[in-house]
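Structural overview for review
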Amino acid sequence: MGYSCTIGHFTYRFADLKTILAKASPLRSGDGLAGLVADSYEERVAAQIALADVPLTQFLNETVIPYETDDVTRLIIDTHDAAALATISHFTVGDLRDWLLSDDADTAALRALSPGLTPEMVSAVSKLMRNQELILVAKKIQVVTRFRNTIGLPGHLSVRLQPNHPTDDAKGIAASIIDGLLYGSGDAMIGINPATDSPATTARLLHMLDDVRERFAIPTQNCVLSHITTTLELINQQVPVDLIFQSIAGTQQANASFGVTLPLLQEAYEAGLSLKRGTLGNNLMYFETGQGSALSSGGHHGVDQQTCEVRAYAVTRHYNPFLVNSVVGFIGPEYLFDGKQIIRAGLEDHFCGKLMGLPMGMDICYTNHAQADQDDMDTLLTLLGVAGVNFIMGVPGADDIMLHYQSTSFHDALYLRRVLGLRPAPEFEEWLLRQGIIDNQGNRLSGGLQKQLYAALLPA
Amino acid sequence: MNKQKKTGLESDEWDALKAYTDARIALGKTGVSIPLRESLRFRLAHAHAKDAVYSRLNIASLEDDLAPTGLPICAVHSQAENRDTYLQRPDLGRLLDEPSAKRLQGLNSTPADISLIVADGLSATAIHKNAVLVVNLLVEQVRRAGYSLAPVVLVEQGRVAITDAIGALLQPRLAILLVGERPGLSSFDSMGAYITYAPQPGLTDERRNCLSNIREQGLTPIMAVNKLMYIIETAFRLKLTGVELKDNGGLAAGEVPKELE
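The text that follows walks through the structure, step by step, so that each part is easy to find. Only a predicted model underlies this, so the values are computations on that prediction, with no experimental measurement involved.

On to the interface of chain B and chain A, then. Residue-level contacts link 39 residues of chain B with 45 residues of chain A. The junction of chain B with chain A conceals about 3,600 Å² of combined surface from both sides, 58% of it contributed by carbon and sulfur atoms. Between R24 of chain B and D399 of chain A there is a salt bridge, and its shortest N-O distance comes to 2.7 Å. Between the two partners, chain B and chain A, sit 14 residue pairs in polar contact (both at pLDDT 80 or more). In terms of residues, the side of chain B that touches chain A owes the most to one element, helix α1 (residues 36–53) of chain B, which gives five residues. For the side of chain B that touches chain A, the class distribution of residues is 18 nonpolar, eight polar and 13 charged.

Spelled out as structure tokens, the structure:
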């Protein structure tokens, strides 16, 4: 089936769904690199006009990547919940956009609809929406998850404390953890990107984190972001694993380049559940994604990078994740060129993830070769705070000295909590109060109370 | 009048922890915000990194500085016309533009053992700070070891895999590419070295060996040249580079940073 749109005397024709999705996408460098972008501003809007008229059911009949060759497509089709879509199954993409913004689409209605939406439907509707609309709809959606604390409650903002160190030095990492905790960060998790993927290093770091958490009874969870096969190996060795991390993408081929398959994810999920380490709940998977990863691995099949990204979310929702993190600006300017493209992509990812029913957070970030700076991060940070993002990163001074990119800082998190009246996860906030780190207005306290904490936290 | 300034700045008690990490910890605060001093320090580091990304190779000065090697020097350009195209189209940075390909063919040089290539990559600044010393030292040692050298190729807007396009024309047994690495906030002048045995189009990065962080405060040029000589000798003995050339001198194989691919 083809699609078309006539503007004046010219008729634009789009061969298939993946073409119309790509041409309707707001401009970004990665789609240009893949040769998928609209040839003109007019063609882009023509594609959006044509896309608005596509019936939602068409997405169930026409896959963007063949069912036979891609297990992500099979997952999407085989697990689609037709009953959840039933009330709006006669809608077009344009109808869906109008309805999402209506007052009928409240928190409960959006939650009920979520399993009925495929990632391609969600990607399609996001392409018709302005930034404020992506914010407005996302804000209506609540996705609450639990492990040792509760993340995603309305009015709350959590932070992943990211204390990376270029040589995985225990004292260096501990120094950053102390700094972060004393600035009120760490409720989403304390999560280290190890400099190497060696099982021994990962085990050493996991023991260290578990020791700190136990000693100070911190109601949070830990993660060392090693490859999932490393984590599985460590689970078998009784190393204390809280959250199970993996980077994933939206096509089978791209996932293969990450060294993951759907059965492997299932195996790791079940292994994590068997540990029963969560005290309040059993959400324990931590996924990272990012637009451009499918193209970067040569596995995009001519599908635009944002649609590939939402297909990754379709994978994550099968494993009841604790957190899903779009690492939006990390991949570089060949995928998202500047602050404008990063901000747009960040709002799309957050909206699409939430609409897919996921606990979305974001690494609001950029590299030094992208045309972006900390002002752009402030803008995206503020917008995502307004949109109700579940968590952000807390990196000392926003400067990751191991991964060499810039993210958001502990100070940034305090800023967002203050201007929007947001609070840490309730269990963690109680701990911060008890330790004398903050007062009940959320202000950070100074004074001797913290001395004992940081003196004791630093490994000998 | 000598009024005391009450700006609200507070330092952090755990300042001593800075001894354990270069991370930006114990920055202090005013309200919940970062002190201006730290904000400006960050901005300056970012400015250095941005200037490095947009820095350009000064071909004439490189030619002068490399003249002592006595080697012919050939300046070429990738298919990425300018920096913004280079940043968005890594594929073009891996290919030679047409005049450059003709120029290399016109050299009619007999295939040599080793081809030296110097490319701006993501920091021409890194090249200007480090490449001349490395090339001069390396040429001396390579000659002493009895290897022949192809003309030195200087590349503007080049990425790592342009090695293969150049290799296809000059047919060296082995190519060494010196390239500016993606600037970080803590270093904007780091140079990388990539060693490729039998370079030809279509090679993937696991077929190369890489030395990273070559600069005075990192892997010094002298140490880098020693490591390079070790890799060169080993590569000729094993007739390969990449993941199968094992890490005995602290070198990483096949670990090409994504941004340099």
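Another point: helix α9 (residues 119–127) of chain A. With respect to burial, α9 of chain A is a largely interior element, nine of its nine residues being buried. Within the span of α9 of chain A, buried status applies to P119, E120, M121, V122, S123, A124, V125, S126 and K127 of chain A.

Below, the discussion takes up the pattern of salt bridges. Between side chains of opposite charge, a pair can form when the charged atoms approach closely. Tallying each qualifying case throughout the model produces 34 salt bridges over all chains. Residue E430 of chain A pairs with R434 of chain A through a salt bridge whose shortest N-O separation is 3.6 Å. On the criterion of helical spacing, the pair formed by E430 of chain A and R434 of chain A is a turn pair, its members being four residues apart in helix α21 (residues 426–434). Take R434 of chain A: its relative accessible area is 54%, and that puts it in the exposed class. In this structure, E10 of chain B engages K29 of chain B in a salt bridge whose closest nitrogen and oxygen atoms are separated by 3.3 Å. A residue pair is termed long-range when its members are at least 10 positions apart, and E10 of chain B in strand β1 (residues 9–10) and K29 of chain B in strand β2 (residues 29–30) qualify at 19 residues. Taking the relative accessible area as the measure of exposure, E10 of chain B reaches 30% and is therefore partly exposed.

Here we come to the packing of aromatic side chains. Aromatic rings considered in pairs are described by the distance between their centres and by the relative angle of their planes. Tallied over the full model, the rule gives ten aromatic pairs over all chains. Geometrically, the ring pair formed by F10 of chain A and Y12 of chain A is edge-to-face, given 4.8 Å between the ring centres and 70 degrees between the ring planes. Among the residues examined, F10 of chain A registers a relative accessible area of 47% and is labelled partly exposed. Seen in terms of ring centroids, Y269 of chain A and Y319 of chain A are 6.1 Å apart; in terms of plane orientation they differ by 75 degrees. Their pairing is edge-to-face. Highlighted residues: Y269 of chain A in helix α15 (residues 262–275) and Y319 of chain A in the loop between α17 (305–316) and β10 (323–327), separated in sequence by 50 residues. It is R83 of chain B that lies over the ring of Y86 of chain B; its NZ or CZ is 4.1 Å from the centre. In this structure, R159 of chain B packs its charged tip against the face of Y86 of chain B, placed 4.3 Å from the ring centre.

Turning our attention to the environment of V32 of chain B. One can find V32 of chain B in the loop between β2 and α1. With residues near it in sequence (within four places) discarded, V32 of chain B still touches H411, L414, Y415 and R418 of chain A.

With that settled, the discussion passes to the environment of F42 of chain B. On the secondary structure map, F42 of chain B appears in helix α1. Between the C-alpha atoms of F42 of chain B and R89 of chain B, which are 47 residues apart in sequence, the distance is 29 Å. F42 of chain B has contacts with Y366, Q374, G397, A398, D399 and Q406 of chain A together with R24 and L185 of chain B, leaving out every residue within four places of it along the chain.

Cut-offs applied
Residues numbered from 1 in each chain as written. Chains lettered and ligands numbered in written order. Predicted model: local features only at pLDDT ≥ 70, side-chain atom pairs only at ≥ 80, totals over all residues. Heavy atoms only, no water. Contact = heavy atoms within 4.5 Å. Buried area = accessible area lost by both parts, 1.4 Å probe. Salt bridge = Lys/Arg side-chain N within 4 Å of Asp/Glu carboxyl O. Polar contact = N/O pair within 3.5 Å; in protein donor to acceptor, adjacent residues only side chain to side chain. Helix = DSSP H or I, 4+ residues; strand = E, 2+ residues; numbered from the N terminus. Nonpolar A, V, L, I, M, F, W, Y, C, P; charged D, E, K, R; others polar. Buried < 20%, exposed > 50% of the residue type's maximum accessible area, 1.4 Å probe, protein only. Phe/Tyr/Trp six-rings, centres within 6.5 Å; stacked < 30°, edge-to-face > 60°. Lys NZ or Arg CZ within 6 Å of the ring centre and 35° of its normal.

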